[in-house]
Amino acid sequence: LGIGVDDMFVLEQALSATDKTAPPAERMAACMGSAGVSITVTSLTDLVAFALGSTSSLPALAAFCCFATIGITADYLLQISFFAGWMALDAHREAAGKPDCCPCCGPLDPSVESGCCGCFA
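Right, let's walk through the structure included here. All values derive from a computational prediction rather than experimental measurement. (Residues numbered from 1 in each chain as written. Predicted model: local features only at pLDDT ≥ 70, side-chain atom pairs only at ≥ 80, totals over all residues. Heavy atoms only, no water.)

## A few points about the overall build of the protein chain
Counting its secondary structure elements, the protein chain contains three helices and zero strands. Within the protein chain, buried positions represent 23% of all 121 residues. Restricting the contact set of the protein chain to residue pairs at least 6 apart, pairs at least 24 apart contribute 49%. By element, 72% of the accessible surface of the protein chain is carried by carbon and sulfur atoms, the whole surface being about 7700 Å². (Helix = DSSP H or I, 4+ residues; strand = E, 2+ residues; numbered from the N terminus. Buried < 20%, exposed > 50% of the residue type's maximum accessible area, 1.4 Å probe, protein only. Contact = heavy atoms within 4.5 Å. Areas by Shrake-Rupley, 256 points an atom, 1.4 Å probe, with all protein chains shown as cover.)

Take a look at the structure:
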């Protein structure tokens, strides 16, 4: 759980660090270019560590490490495909100026001081 959540925070931080005026495709390219390397390296090191642990002579430890290896592989593949895809959709929503609580609503009114629809003004 901690590995996947950490990867999500790293990806989100990298997307937040990009220029918000850039097109979403360029923002995602910069995000995956910087954060993709770090999550790849950490996932590979975790994968190798658990793969080596699966060769243990203790059956319970070997089984745990085997399942952890499968889980880390699945987590990495989902982070770079599924989660990155949803981040791209969110970057498009953000570029369109739509609120995050109701993405089907129109663009935000810049004169509204608080709340997505001015409900807390």
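## Regarding the nonpolar core
If you look at the biggest cluster of nonpolar residues, it comprises nine residues: Leu 11, Ala 14, Leu 15, Met 28, Cys 31, Ala 35, Ile 39, Ala 84 and Met 87. Residue assignment for this core shows that the elements contributing at least two residues are helix H1 (2-16), helix H2 (24-53) and helix H3 (59-95). Counting residues per element, this core draws most heavily on H2, which supplies four residues. For Ala 84, the residues in contact, after removing those within four places along its chain, are Met 28, Met 32 and Gln 79. (Core = buried A, V, L, I, M, F, W, Y, C linked by side-chain atoms within 4.5 Å.)

## Here's the deal with the side chain of Thr 18
Note that Thr 18 resides in the loop between H1 and H2. Judged by its relative accessible area of 14%, Thr 18 is buried. In this structure the side chain of Thr 18 is engaged in a polar contact, spanning 2.9 Å, whose partner is the side chain of Arg 27. (Polar contact = N/O pair within 3.5 Å; in protein donor to acceptor, adjacent residues only side chain to side chain.)

## Examining the pattern of salt bridges
For the structure shown, the criterion picks out two salt bridges. Across the pair Arg 27 and Glu 94 runs a salt bridge, and its minimum N-O distance is 2.9 Å. Placement of Arg 27 in helix H2 and of Glu 94 in helix H3 is noted, with a sequence separation of 67 residues between them. Look at Arg 27 and you get buried, because its relative accessible area is 4%. Residue class for Glu 94 comes out partly exposed when judged on its relative accessible area of 33%. The closest approach of N and O atoms between Arg 93 and Asp 90, which form a salt bridge, is 2.9 Å. Placement of the pair is Arg 93 and Asp 90 together in helix H3, with a separation of three residues, close to one helical turn. (Salt bridge = Lys/Arg side-chain N within 4 Å of Asp/Glu carboxyl O.)

## Remarks on the packing of aromatic side chains
Enumeration over the complete set of coordinates arrives at two aromatic pairs. Relative to Phe 64, the ring of Phe 50 has its centre 6.0 Å away and its plane inclined at 75 degrees; by these criteria the two rings are edge-to-face. With Phe 50 in helix H2 and Phe 64 in helix H3, this pair connects stretches of sequence that are 14 residues apart. When its relative accessible area of 24% is taken as the criterion, Phe 50 is described as partly exposed. Arranged with centres 6.2 Å apart and planes meeting at 70 degrees, the rings of Phe 82 and Trp 86 form a pair that is edge-to-face. Of this pair, Phe 82 and Trp 86 are both found in helix H3, four residues apart, which corresponds to roughly one turn of the helix. (Phe/Tyr/Trp six-rings, centres within 6.5 Å; stacked < 30°, edge-to-face > 60°.)

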